[in-house]
Every structure is written in C-alpha cells, then in structure tokens.
Amino acid sequence: MMEMTMKLLGRADSLNVRKALWGLAELGLTAEREDRGGPFGGTDTEDYLSLNPNGLVPTLIDGETVVWESNTILRYLGERSGPTVFSGRDPAERAAIGEWMDWQLGALNPPLQTVFIQLVRLNEDRRDAARTAAALDDVHKQLAVLGRSLPSDGPLLGADVTAADVALGVMLHRYYALVAEPKADDRVARYHARLAGRPGFAAHVAIGKP
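All figures in this text were calculated on a predicted structure; none of them were measured in a lab. (Residues numbered from 1 in each chain as written. Predicted model: local features only at pLDDT ≥ 70, side-chain atom pairs only at ≥ 80, totals over all residues. Heavy atoms only, no water.)

Colleague: Just checking my understanding: could you explain the overall build of the protein for this structure?
Modeller: For the protein, the count of helices and strands is 8 helices and 4 strands. Its C-alpha atoms give the protein a radius of gyration of 17 Å, within 12% of the compact-globule value 17 Å for 210 residues. If you line up the protein on its principal axes, its C-alpha atoms span 55 × 40 × 25 Å. Evaluated residue by residue, the protein yields a buried proportion of 43% over its 210 residues. Relative to all contacts within the protein whose residues are 6 or more apart in sequence, the contacts with residues 24 or more apart total 64%. Here the protein contributes 23 positively and 28 negatively charged side chains, and the mean placements of these two sets differ by 4 Å. (Helix = DSSP H or I, 4+ residues; strand = E, 2+ residues; numbered from the N terminus. Rg over C-alpha atoms; globule rule 2.2 N^0.38 Å. Buried < 20%, exposed > 50% of the residue type's maximum accessible area, 1.4 Å probe, protein only. Contact = heavy atoms within 4.5 Å. Lys, Arg positive; Asp, Glu negative; His and termini not counted. Charge placed at Lys NZ, Arg CZ, Asp CG, Glu CD.)

Colleague: Is there a simple way to explain the pairing of strand β4 (residues 65-68) in this structure?
Modeller: Consecutive side chains of a regular strand alternate in pointing toward one face of the sheet and then the other. Sheet topology note: the strand β3 (residues 59-62)/β4 ladder contains 4 bridges and is antiparallel. Across the sheet, D62 pairs through a bridge with T65, a residue of β4. (Pairing = 2+ DSSP bridges.)

Colleague: Please explain the packing of helix α6 (residues 163-178) against helix α7 (residues 186-196) as it appears in this structure.
Modeller: Running from N to C, α6 and α7 point in directions that differ by 110 degrees, and their axes come no closer than 10 Å. By the angle between their directions, the pair α6 and α7 is classed as roughly perpendicular. Contact with α6, carried on its side by D165, L168, G169, L172, H173 and Y176, involves V188, A189, Y191, H192 and L195 of α7 and no other residues of that element. Residues of the contact of α6 with α7, tallied by class, amount to 7 nonpolar, 3 polar and 1 charged. (Axes fitted to C-alpha atoms, helices over the stretch in contact; angles between N-to-C directions. Parallel < 35°, antiparallel > 145°, perpendicular 65-115°, else oblique. Nonpolar A, V, L, I, M, F, W, Y, C, P; charged D, E, K, R; others polar.)

Colleague: How do you make sense of helix α5 (residues 129-149) when you look at a structure like this?
Modeller: Three- or four-residue spacings in an α-helix give side chains the same orientation, since the helix completes a turn every 3.6 residues. For α5, spanning 21 residues, the distance from its first C-alpha to its last is 31 Å, which sits close to the expected 30 Å at 1.5 Å a residue. Within α5, the full set of buried residues consists of T132, A135, V139, H140, Q142, L143, L146 and G147. The N-capping residue of α5, defined by a side-chain oxygen 3.1 Å from the backbone nitrogen of A130, is D128. (Expected span 1.5 Å × (residues − 1). Polar contact = N/O pair within 3.5 Å; in protein donor to acceptor, adjacent residues only side chain to side chain.)

Colleague: I'm lost on the side chain of K19 in this one. Help?
Modeller: On the secondary structure map, K19 appears in helix α1 (residues 15-26). For the buried K19, which has no salt bridge, the nearest side chain bearing the opposite charge is E69, at an N-O separation of 7.4 Å. Sequence-distant contacts of K19, defined by excluding residues within four places in its chain, comprise S70, N71, L74, Q104, V166, A167 and V170. (Salt bridge = Lys/Arg side-chain N within 4 Å of Asp/Glu carboxyl O.)

This is how it looks when you write it as structure tokens:
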C-alpha cells in the first residue's frame, strides 16, 4: 500500500514552518505544503482550530495524526522514521536533544522575538530602543550559554544533525539576519556557518527573511 503524503499547513516564510521544512529535508521526507497564516489567513476557521487550537502555524497532518508546535513536529518526524539520531535513539539521547529544544523555546526565543518585533514588525516611530537593547543583551547572554557548550567542530551533540540543531539553527539565522553588529563568539558563528551549509537550510531557512 502506498504511503499517504503528509501535509504541512503554513506559509513558507514563517520561521516555524521553515523549521519543519528543514527537518523534513534532513530526514529525506516530503510533505505537501498549503499556505496558511499571515496574508493567507485560514488559521481562525473552525476547521483549522479543530486541528490546531492555537490557531498558529505550522500544523502537520500525517494520515489521521495531527501534530502542532514546531519542535514537537520535529520530534514526531524523527520518531516516525524509527529510532534516529535526529530525534534520539535512546532515552539519554532524547533527553540531550530535548534539553536544547526546550532551551531554544524558553530561553533564546523570547528575547530574540522581542528584537524581531521591534526591528521588523514595528514602524521606526513606534520602536522602543531601550527595550530592544535590553532584549539584545539577553540574547547575547543566552548565546554565550550555547557557545560554552558547542564542540570545536560539527553539530551540537555529535557527528550528525539532530532536531536540536534545526531548532537552534533557525534562531541563529534570525539573529544574524537582524543584528547589524553580532556579538556572539566565534564558536557560535562557526556553528551557524556549518548549519547554513546544509542543503535543507539553504532551501528552506535562508530565503531572504529573518
């Protein structure tokens, strides 16, 4: 029996949709993508909210299985493929990957999202320079945490890219696209450059938007 094609609901320029698309590429998987969110709308309908109560993107549909939240989608895709390096082959590997994915959401994303809103979403006359500076200072503190944990070469947790690298890589793309004078140390810069060289990153993340 031929396997059903997965569907990914969300506009291609959403950072979290880009995260899911890159994860699919790393695993050699494909999904039919449908535009939702932003100028396309369609996330506040009864049908969409029955799939994703947050009314956000992305949403992954795999047969009768529906998954929302981008980091959970990454975990699901890896586990769907069997025990993989991408999502962890045993409890210890899954915990190590999950720690950094949780850190991305809880520690790095909030201040970086503030910088994004201030510099991209708001007109210049509505920006709060002090708030932006404070958020950027927090971003640099968090990137120092990452820098201390990075190996001298290769992905974060070993020889192969994991879901943690994908979750962190999209954030680093946003950071380097937004910040005119990056202050992250050389280890973080090298790590970002290695991830940016991945075909999936080039195809789905580095699309000319932070």
